[in-house]
Amino acid sequence: MPTDGLFISFEGIDGAGKSTHIDALAAALRAQGRTVTLTREPGGTPLAEKLRALLLHDAMDPLCEALLMFAARRDHLQQVIEPALARGDAVLCDRFTDATFAYQGHGRGFDLATLTTLERWVQTTPQGRLRQPDLTVWFDLAPEVAARRLAGARVPDKFESQPVEFFRRVAAGYAQRLADDPVRFARIAADQPLDAVRADVMAACGRQAWWREVAA
Ligand code: TYD
């Protein structure tokens, strides 16, 4: 059980289609009487959004990329996430630290032990607790299907333009994170029609102790 607000992250490879479901869940939580803070990573604060622009478009070495991801996360946690949780909000975050393990760790091959150290530095609260989402909704989609969905959709950024092999490694990274922390994760089969994916997201949330049923 969360001790204060509620922290939900959304993950998946590019093209897995998480955005519309985040909005739908935000609406459902508001209907339950919760105040919702909708945010994203990298980003969510003026400083972190500047770092996002660099991260998504500028070439840099893997260590620099990992450090900037965590620098953005630190600012985001301090400025937005922790204050929102302290107020009792539901914080819905489009990607969080699992993305760093999946993309920088498994995708780029950056050292996972170093990422674990950075995770501890950046996400330890003043009370000494390691801040993690209460629930992570993982949209699991085959990289080939995601690539077809992304093709021609828009001008790809630095990550979206990676080859399918990169996304195979990223997907394996998410699977590893789930295996390491199965209670926190809800895996959603993202290759289904939109309505079925949405129903699965709501069902995964409905199994949580914090979910409040609203009379129809
Ligand atoms: P994304 O969340 O997909 O936003 P949009 O819907 O606007 O494309 O884009 C963020 C990109 O950043 C995505 O390709 C994954 C990448 N990323 C990392 O590589 N590491 C991280 O820690 C985070 C949070 C994101």
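One can find the structure itself at the top, above this paragraph.
Owing to the predicted nature of the structure, the values given are computational and were not obtained by experimental measurement.

Caption draft 1: How the structure looks around the pattern of salt bridges. Enumeration over the complete set of coordinates arrives at 15 salt bridges. Arg177 is paired through a salt bridge with Glu119; the nearest N and O atoms lie 3.0 Å apart. Separated by 58 residues along the polypeptide, Arg177 in helix H7 (residues 164–180) and Glu119 in helix H5 (residues 112–123) bring together distant segments of the chain. We classify Arg177 as buried; its relative accessible area is 11%.

Caption draft 2: Representation of the site of the ligand in the model. Around the ligand, the surrounding shell holds 17 residues, and the nearest of these are Asp14, Arg95, Thr100, Gln104 and Arg154. Note that an oxygen atom of the ligand is positioned 2.9 Å from one of the side-chain N or O atoms of Asp14. Side-chain polar atom of Glu160 to an oxygen atom of the ligand: 3.3 Å apart, as the coordinates give it. Bound to the protein, the ligand loses 91% of the 550 Å² it would expose on its own. At the level of elements, helix H2 (46–57), helix H3 (62–87) and helix H4 (97–107) are the ones that each hand at least two residues to the shell around the ligand. Among the elements that take part in the shell around the ligand, H4 stands out by supplying four residues, more than any other. Its residues assigned to classes, the shell around the ligand comprises six nonpolar, two polar and nine charged.

Caption draft 3: Structural context of the packing of aromatic side chains. Within this structure, the stated rule accounts for seven aromatic pairs. Between Tyr103 and Phe159, the ring centres sit 5.8 Å apart and the planes meet at 90 degrees, which makes this aromatic pair edge-to-face. Of this pair, Tyr103 sits in helix H4 while Phe159 sits in the loop between helix H6 (143–150) and H7; the two residues are 56 residues apart in sequence, bridging distant segments of the chain. Take Tyr103 and Phe159: they sit in the same class, and that class is buried. The rings of Tyr103, Phe159, Phe166 and Phe167 are connected pair by pair, giving a single aromatic cluster.

Caption draft 4: Layout of the side chain of Glu41. For Glu41, the position within the fold is in the loop between strand E2 (36–40) and H2. For Glu41, a relative accessible area of 4% translates into the label buried. Polar side-chain contacts of Glu41 include one of 2.6 Å to the side chain of Arg73. Separated by 2.8 Å, the side chains of Glu41 and His76 make a polar contact. Leave out the neighbours within four places in its chain, and Glu41 touches Arg52, Arg73, His76, Ile81, Cys93, Asp94, Arg95 and Phe96.

Caption draft 5: A look at helix H1 (residues 19–31). Look at H1: 19 Å from first C-alpha to last across 13 residues, which is about the 18 Å you get at 1.5 Å a residue. Within H1, burial applies to His21, Ile22, Ala24, Leu25, Ala26, Ala28 and Leu29. Summarising the contacts, the buried residues of H1 are in contact with strand E1 (6–11), E2, strand E3 (90–94), strand E4 (135–140) and helix H8 (194–206).

Caption draft 6: Here's a closer look at the side chain of Arg95. For Arg95, the location among the structural elements is in the loop between E3 and H4. Among the polar contacts made by the side chain of Arg95, one reaches the main-chain carbonyl oxygen of Gly12 at a distance of 2.9 Å. Among all residues touching Arg95, those that are not within four sequence positions of it are Phe10, Glu11, Gly12, Ile13, Asp14, Lys18, Glu41, Tyr103 and Tyr174.

About the cut-offs
Residues numbered from 1 in each chain as written. Predicted model: local features only at pLDDT ≥ 70, side-chain atom pairs only at ≥ 80, totals over all residues. Heavy atoms only, no water. Salt bridge = Lys/Arg side-chain N within 4 Å of Asp/Glu carboxyl O. Helix = DSSP H or I, 4+ residues; strand = E, 2+ residues; numbered from the N terminus. Buried < 20%, exposed > 50% of the residue type's maximum accessible area, 1.4 Å probe, protein only. Near = heavy atom within 4 Å. Polar contact = N/O pair within 3.5 Å; in protein donor to acceptor, adjacent residues only side chain to side chain. Areas by Shrake-Rupley, 256 points an atom, 1.4 Å probe, with all protein chains shown as cover. Nonpolar A, V, L, I, M, F, W, Y, C, P; charged D, E, K, R; others polar. Phe/Tyr/Trp six-rings, centres within 6.5 Å; stacked < 30°, edge-to-face > 60°. Contact = heavy atoms within 4.5 Å. Expected span 1.5 Å × (residues − 1).

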